[in-house]
Amino acid sequence: MPPEILKSRVSEGSPYPLGATWDGLGVNFSLFSANATKVELCLFDDSGAKELERIELPEYTNEVWHGYLPDARPGTTYGYRVHGPYEPEAGHRFNPNKLCLDPYAKAHVGALEWNPAVFGYTMGKDDLTFDERDSARFMPKSRVIDPAFTWGRERAPSISWDRTIIYETHVRGYTKLHPAVPERLRGTYAGLGRKEVVDYIKSLGVTSVELLPIHTFVNDSYLLDKGLTNYWGYNSIGFFAPDPRYSAVPDFVFSEFKEMVARLHDAGLEVILDVVYNHTAEGNENGPTLSFRGIDNLSYYRLIADNPRYYINDTGTGNTLNMSHARVVQMVTDSLRYWATEMRVDGFRFDLGTILAREHDGFNEAHGFLQSCLQDPVLSTTKLIAEPWDIGPGGYQVGRFPPGWAEWNDKFRDTVRAYWKGDPGKQAEMATRLSASADEFARRGRKSWAGVNFITAHDGFTLNDLVSYNEKHNDANGEEGRDGHSDNHSWNCGAEGPTDDPEIVALRERQKRNLLATLLLAQGTPMVLAGDEFGRTQDGNNNAYCQDNEISWVNWNFGEKEVELAEFVRKVIILRQSFPILRRSRFLTGEYNPDLDVRDVRWLSPTGQDIEGAQWGDSNARCFGMLLDGRAQASGIKRPAMDATALLVLNAHHDVVNFALPDVVGGNLWRCLLDTNIPDAGSHESFQTGEFYEITGRSLVLFVLEPESKRSVALRRAIEGFRQMAERPIPMATPEAGPETERALSDASGMTSP
């Protein structure tokens, strides 16, 4: 327990930095509030149960309240009581009876207990009433930390965008059932950082682990009342603190998080955080007073201009952070810099990112927040990924973020799903999506990596369920199936849910391979949902946000079918990383380059001829080829590249299509490196130009041209990668495997990418 702190030893301190900062001699406390009249710092015992002292912050500088306590130390547990007008109709909701979390707190102690005392008004009455009950005993508390941590030889992987493959997962759900992780570490940062887990992720070939929200968040009371929980965590209340519920040792959560990052970095894996800066857990005018509302409601939130009692709800969660306010923008950028520098995170995915750039008159791609990230010497070097939509006015802004930003590309998701489902008239749009959606992103010097392609994500069906269910099955959520999207572009292949029919099972497996191969071989940045590589199911639930149980947790109990799919994913990733032509940074145009006498991409019909104007409108056409010429200009320098030429053929027709292998410059032998109908083929047979290849119904094939003049470096690299795969099978941790699996997992660390 920290020593007793004497009021007489409080000094003025500094308004900067905001938050509670240990300098080796004491702690500086600094809190922004433009409209408060007084701020009291409340000190608690270690557990946060007993309030020991209240100290009025003595100074107010530039709308910041501050004071310095020379006797405070790391471990000091605290909160704020903020005085000011309680005038909801004017936008003010100060209530010093309500303990407020520090918005800049680096650690939290305890959990929120839902009690009427945590509301600023009297529950059962309207929000204009004033509640005098003390909320402290029901509130989590903020804690001062010592940020010291020995990073050792840790180095940021710094993966270039063209080589980036994102792997989206959940800290808790990924290891909760992992048999190679000690039970006490399952579902924690430490569990995710275990060698067995890191080695498995590395062995897949992905480069960047994207974690669902880990900022401290609140469990919604209405979910708790139903025996559910906010599993995804999109309900933040602390933008600087890793949530302690994911920690094996909550008192040292910040150190545990850093160690996880260090272990992932040591394996060459980046860490990307899914961050929620669009709203907070305080909800609308009927929500609790936990932090921002009680500190300065008028500054932190967007309120209805002519009736500031009420909140603008562009998020669907009750409130919207006011990103038009300089101090709110500062808080968000300070938070990002903290995670990028102190916690060494490599990038961020911004939930409902459109809100971060919305002014009162709508979305603005020149918004100060977006620009501040790009000019910031720290943030400009991180990966910045927007979810470019929300439910507010003009909320859909795919392709409209400024240069330097990447964006989730839902048009890729929907088009690819519809194409492989067999919907008519999708060929032309499919070609656009395969070539990095230039219609959306090719502007202002943006590169093809700006579009983050995905087919599945945490929100929606898993890959397995996408090919196994026509309808969502969300009964476990307790909303009688009303929640979750109904338009999923899914197809159950002939039976709803699990089946033993061998033909349906075989078709589903091929469809999974088709979807994964399309994702990983298309131009742009691919994102894979964790568990899709071995067919994880959520039993048809496409909105498992409240399911902290086996529905959402990754099941590591694999069978042969699951292992085969994971090995297929490894194979496709090796192909992508081996052949630069499959991950060009320049957008493909299909235009003839007279200087180089080449077109970067050609679209071919099954006859091997170029698809011309009216043919694109053929609604019955479901098979076409994408010819990527390795001679095409690869950068801004006008010279021919020396990449391999590749041919990707997609057949969404239900029957075999004979595809003529085209005559191209540079060779007359096509090597088949991938066929989703025969995924384990190891012969990589060659075919002559002009020969017909039987493309099985609903399958994808990748050919690479063998050059006449010399051996292909990329082809040699791919073949070597396949050889390594054969020698080192993917380390699957199953309950049946026991110690042998753990040894295999340990051996996997010796693998190197081709």
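The rules behind these values
- Residues numbered from 1 in each chain as written.
- Predicted model: local features only at pLDDT ≥ 70, side-chain atom pairs only at ≥ 80, totals over all residues.
- Heavy atoms only, no water.
- Phe/Tyr/Trp six-rings, centres within 6.5 Å; stacked < 30°, edge-to-face > 60°.
- Buried < 20%, exposed > 50% of the residue type's maximum accessible area, 1.4 Å probe, protein only.
- Pairing = 2+ DSSP bridges.
- Helix = DSSP H or I, 4+ residues; strand = E, 2+ residues; numbered from the N terminus.
- Salt bridge = Lys/Arg side-chain N within 4 Å of Asp/Glu carboxyl O.
- Axes fitted to C-alpha atoms, helices over the stretch in contact; angles between N-to-C directions.
- Contact = heavy atoms within 4.5 Å.
- Core = buried A, V, L, I, M, F, W, Y, C linked by side-chain atoms within 4.5 Å.
- Left-handed = near helix turned anticlockwise from the far one by under 90°.
- Nonpolar A, V, L, I, M, F, W, Y, C, P; charged D, E, K, R; others polar.

Participant: Looking at this structure, how should I read the packing of aromatic side chains?
Facilitator: Each aromatic ring pair is summarised here by two numbers: the centre-to-centre distance and the angle between the ring planes. In this structure the tally under the stated criterion is 45 aromatic pairs. With a centroid separation of 4.2 Å and 35 degrees between ring planes, the pair formed by Tyr-60 and Trp-65 is classed as tilted. Between Tyr-167 and Tyr-174, the aromatic rings sit 5.9 Å apart at their centres with planes inclined by 90 degrees, giving edge-to-face as the arrangement. Comparing Tyr-167 with Tyr-174, the two get one shared label, buried. One aromatic cluster is present, built from ring pairs that chain together Phe-32, Phe-239, Tyr-277, Phe-292, Tyr-300, Phe-348, Phe-350, Phe-363, Phe-369, Phe-401 and Trp-405.

Participant: Explanation requested: the sheet that holds strand S11 (residues 141–143) in the structure shown.
Facilitator: The pairing of strands in a sheet happens through backbone hydrogen bonds and is either parallel or antiparallel. Taken in spatial order, the five strands make up an open sheet running S4-S3-S7-S11-S10, and their pairing is antiparallel. Two strands lie at the open edges of the sheet, namely strand S4 (51–56) and strand S10 (108–109), each paired on one side alone. Pairing between S10 and S11: two bridges, direction antiparallel. Across the sheet, Val-109 pairs through a bridge with Lys-141, a residue of S11.

Participant: Sorry if this is basic, but what is going on with the pattern of salt bridges here?
Facilitator: Pairing between side chains of opposite charge can happen when the charged atoms of each approach one another. Counted by the stated rule, this structure contains 48 salt bridges. For Arg-81, the salt bridge identified is with Glu-51, shortest N-O distance 3.0 Å. Taken together, the positions of Arg-81 in strand S7 (residues 77–83) and Glu-51 in strand S4 put the pair 30 residues apart, joining distant regions of the chain. Under the relative-accessibility criterion, Arg-81 is labelled buried at 0%. Salt-bridge contacts for Arg-444 lead to Glu-365; the nearest nitrogen and oxygen are separated by 2.4 Å.

Participant: How should I be thinking about the sheet that holds strand S20 (residues 383–386) in this particular structure?
Facilitator: Read around the closed barrel, the eight strands follow the order S12-S13-S16-S17-S20-S21-S22-S23; overall the barrel is parallel. Pairs of neighbouring strands in the sheet enclose a mean axial angle of 30 degrees, with direction left out of account. Pairing between strand S12 (residues 166–169) and strand S13 (residues 208–211): four bridges, direction parallel. For Tyr-167, the partnering residue across the bridge sits in S13 and is Val-209. Contacts from helix H9 (residues 410–421) reach strand S21 (406–409) and strand S22 (451–454) within the one sheet, and its direction differs from that of S21 by about 25 degrees.

Participant: What exactly am I supposed to notice about the nonpolar core here?
Facilitator: Soluble globular proteins tend to bury their nonpolar side chains together. Residues Phe-29, Phe-369 and Phe-579 are the most contacted members of the largest nonpolar core, which totals 173 residues. Excluding anything up to four places from it in sequence, Phe-29 contacts Gly-19, Ala-20, Leu-41, Leu-57, Trp-65, His-66, Gly-67, Leu-69, Ala-72, Tyr-78, Tyr-80 and Val-144.

Participant: Quick question: what am I supposed to make of the pairing of strand S30 (residues 669–675) here?
Facilitator: Most of S30 is tucked away, with six of its seven residues classed as buried. The pairing of S30 with strand S31 (residues 686–688) spans three bridges and is classified as antiparallel. Directly across from Trp-670, in S31, lies its bridge partner Phe-687. The sheet contact formed by S30 and strand S33 (residues 699–706) spans six bridges and is antiparallel. Within S33, the position partnered with Arg-671 by the bridge is Val-704.

Participant: Would you explain unusual backbone geometry in this entry?
Facilitator: Excluding glycine, a negative phi dihedral is what most residues carry, and trans is how most peptide bonds are arranged. For the peptide bond that leads from Tyr-16 to Pro-17, omega is -5 degrees, which places it in the cis range. Mapped onto the elements of the fold, Pro-17 is located in the segment before strand S1 (19–22). Unusually for a residue other than glycine, Ser-158 sits at a positive phi of about 50 degrees. With respect to the helices and strands, the residue Ser-158 is situated in the loop between S11 and S12. Judged by its relative accessible area of 59%, Ser-158 is exposed. At Ser-437, a residue that is not glycine, the phi angle is positive and equals roughly 50 degrees. Here Ser-437 lies in the loop between helix H10 (427–434) and helix H11 (438–441).

Participant: Where do I start with the packing of helix H7 (residues 326–341) against helix H8 (residues 368–375) in this structure?
Facilitator: For any two helices packed against each other, the geometry is given by the interaxial angle and the distance between the axes. At a minimum axis distance of 11 Å, the contact between H7 and H8 shows a crossing angle of 30 degrees. The hand of the H7/H8 crossing is right-handed. Along the contact surface, H7 presents Val-329, Val-332, Thr-333 and Leu-336, while H8 presents Phe-369, Ser-372 and Cys-373. For the contact of H7 with H8, the class distribution of residues is five nonpolar, two polar and no charged.

Nothing here speaks to function; it is geometry throughout.
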